Amino acid sequence: MKKKKIALITGITGQDGAYLAKFLLKKNYKVFGIKRRTSTINTSRIDDIYQEDTSNKKNNFILKYGDVTDPANINSLINEILPDEVYNLAAQSHVQVSFATPLYTSMTNSLGVINILESIKELRSKKKIKFYQASTSEMFGNHTQKILNEKSNFKPVSPYGSSKVFAYWLTKNYRDSYDIFAVNGILFNHESPLRGETFISRKVSIHVAKKFLGEKKILRIGNLYSKRDWGHAEEYVEGMWKMMQHKEPQDLILATNKSYTVKEFIERAFKEINIKLKWVGKGLKEKAVNSKTGEICVMVDEKYYRPNELHYLKGNPQKAFKNLKWKPKINFNTLIKEMVHSDIAKFENDKF
Ligand code: NAP
Ligand code: F7E
């Protein structure tokens, strides 16, 4: 019988960690996930695949406590598990929060990567371990180039983006210096019903779902005019795996090649509950009202402005299509529909 491949995922409790774990289990992997100790339980995204009995040989999903900033912990876990593939998804991944916590963000997003790569390097005569780094379109910053590709240079505009540029180059350095199969997946924004509640897409889908169920709050929002290339996380984790199966380690972009404003996202989400928005005012005074009733639905709030903004993102996924046969199928409208309806189902028994 063919031996099961072993994957180790950092960031297992996050959006992508949950989708990737489920994807790899379906591919017959044994999956280990690294989870931080938290004061309240935060495993809701993976509760459906978690089994308590670790002595059961058929249990192919195992959680280990750890933190990528702790070299002793990471080294001992990688030595114990001896994975075939490590997917490093752990990060302080919120761009606005990275302005408030730049050092902590860098310790996790950059130095954490050194801890993993050093362990893989030390083990390389015993086992060749492949490494995936969760790189990001935030590394590009603001460009005059309208569609970004693998050759576009990096000019990050946030501590988050800068920390990920450091990690990108580390990944490439270890690949070139020590012959490690290490790849950067340069992923543009990807969302889903499992998206963290403070990212714009989920903040909007939760708000709209609760409004549909009777809540009477106004959606308070920051910059309405930034544009993002939004895909679906479930499709993007398949792209991560495909990168790791390719014969050559390559740094590739995953994106949809379509870009929409935050304002368009909000309009589309409200449309899902049959509310047509009408925008009035400008700048901090801009707001959206229900075009039928005049009720205020959305207001701009300075609190959500960032010290610096990445205004526009659109990525060209042509190379991933050519080399991996990876192509996103879920479009902007379908993504928003799924998110809003998933949140309606999630909150339908709550009282508003
Ligand atoms: P996410 O939902 O914020 O999940 C981040 C995960 O990292 C969580 O499991 C978190 O654990 C864990 N983590 C944070 N600090 C850690 C540390 N010091 N040690 C170990 N684990 C730690 O992020 P995501 O959307 O799934 O994204 C996955 C990765 O892709 C991240 O690296 C992100 O930067 C990158 N990325 C995301 C996108 C996107 O659009 N989603 C695009 C490009 C790149 P807790 O649950 O304990 O906080
Ligand atoms: O913001 C604007 C905000 O926080 C999108 C992370 O996964 O993708 C993500 O980073 C846009 C920005 O995502 C609010 O200013 C307006 O222009 O959903 P976001 P992000 O910053 O693009 C990249 C690829 C990653 O790698 C990151 O890890 O929306 N915006 N009003 C707002 N954003 C938030 N969060 N909240 C607001 O109220």
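Residues numbered from 1 in each chain as written. Chains lettered and ligands numbered in written order. Predicted model: local features only at pLDDT ≥ 70, side-chain atom pairs only at ≥ 80, totals over all residues. Heavy atoms only, no water.

## Remarks on the site of ligand 1
In the vicinity of ligand 1 there are 26 residues, among which Thr-13, Arg-36, Asp-67, Ser-93 and Tyr-160 approach most closely. One of the backbone nitrogen or oxygen atoms of Asp-16 is found 2.8 Å away from an oxygen atom of ligand 1. A distance of 3.1 Å separates a nitrogen atom of ligand 1 from a polar side-chain atom of Arg-195. (Near = heavy atom within 4 Å. Polar contact = N/O pair within 3.5 Å; in protein donor to acceptor, adjacent residues only side chain to side chain.)

## A closer look at the site of ligand 2
Every one of the 22 residues lining ligand 2 counts as a neighbour, but Ser-93, Thr-136, Ser-226, Arg-306 and Glu-309 are closest to it. In the environment of ligand 2, an oxygen atom lies 2.7 Å from a nitrogen or oxygen atom belonging to the side chain of Thr-136. Here a nitrogen atom of ligand 2 sits 2.9 Å away from a polar atom, N or O, in the main chain of Thr-198. Coverage of ligand 2 by the protein chains reaches 96% of its 700 Å² of free accessible surface. Tallied by class, the residues present in the shell around ligand 2 amount to seven nonpolar, nine polar and six charged. When we break the shell around ligand 2 down by domain, the ones giving at least three residues each are domain 1 (6-193 + 231-258 + 312-330) and domain 2 (200-224 + 262-310 + 341-347). (Areas by Shrake-Rupley, 256 points an atom, 1.4 Å probe, with all protein chains shown as cover. Nonpolar A, V, L, I, M, F, W, Y, C, P; charged D, E, K, R; others polar. Domains from an automatic or database assignment.)

## Concerning the sheet that holds strand β14 (residues 287-290)
Sheet strands associate in pairs through backbone hydrogen bonding, adopting either a parallel or an antiparallel arrangement. The four strands are arranged β8-β15-β14-β13 in an open sheet whose pairing can be described as mixed. Strands at the two margins of the open sheet, each flanked by one partner only, are β8 (219-221) and β13 (277-280). Across this sheet, the average inter-strand angle for adjacent strands is 20 degrees, counted without regard to direction. Alignment of β14 against strand β15 (residues 296-300), held across three bridges, turns out to be antiparallel. Each residue of the ladder has a partner; that of Val-289, found in β15, is Ile-296. The strands touched by helix α6 (residues 200-212) within the sheet are β8 and β15, with β8 carrying the most contacts at an inclination of about 165 degrees. Across the face of the sheet, helix α8 (residues 262-271) comes into contact with β8, β13 and β15 while running at roughly 145 degrees to β13. (Pairing = 2+ DSSP bridges. Helix = DSSP H or I, 4+ residues; strand = E, 2+ residues; numbered from the N terminus. Axes fitted to C-alpha atoms, helices over the stretch in contact; angles between N-to-C directions. Contact = heavy atoms within 4.5 Å.)

## Here we look at helix α1 (residues 15-26)
In a regular helix each residue adds 1.5 Å, so twelve residues correspond to 16 Å; α1 covers 17 Å between its end C-alpha atoms and thus fits that length. Among the twelve residues that make up α1, nine are buried, leaving the element largely enclosed by the rest of the structure. Every buried residue belonging to α1 is among Gln-15, Asp-16, Gly-17, Ala-18, Tyr-19, Leu-20, Ala-21, Phe-23 and Leu-24, and all of these are buried. Of the residues flanking the end of α1, it is Asn-28, one or two places downstream, whose phi is positive at about 75 degrees. (Expected span 1.5 Å × (residues − 1). Buried < 20%, exposed > 50% of the residue type's maximum accessible area, 1.4 Å probe, protein only.)

## Quick word on the pattern of salt bridges
All chains considered together, the criterion is met by 17 salt bridges. Two residues, Asp-176 and Lys-172, come together in a salt bridge whose shortest N-O distance is 3.1 Å. You can see Asp-176 and its partner Lys-172 sitting in helix α5 (residues 159-178), four residues apart, about one turn around the helix. Looking at Lys-172, the relative accessible area reads 23%, which means it is partly exposed. Overlapping salt bridges bring together Lys-172, Arg-175, Asp-176 and Asp-251 as one network. (Salt bridge = Lys/Arg side-chain N within 4 Å of Asp/Glu carboxyl O.)

## Quick look at the domain arrangement of the protein
Here the protein is partitioned into domain 1 (6-193 + 231-258 + 312-330) and domain 2 (200-224 + 262-310 + 341-347). Just the C-alpha atoms count here: the centres of domain 1 and domain 2 sit 31 Å apart. In this assembly, 14 residues from domain 1 lie in contact with eleven residues from domain 2. Across the domain 1 to domain 2 interface the summed buried area is about 1000 Å²; carbon plus sulfur atoms make up 55%. Taken as a group, Gln-96, Phe-99 and Pro-193 account for 48% of the area that domain 1 buries against domain 2, more than any other trio of residues on that side. At the junction of domain 1 and domain 2, the tally comes to zero salt bridges. (Buried area = accessible area lost by both parts, 1.4 Å probe.)

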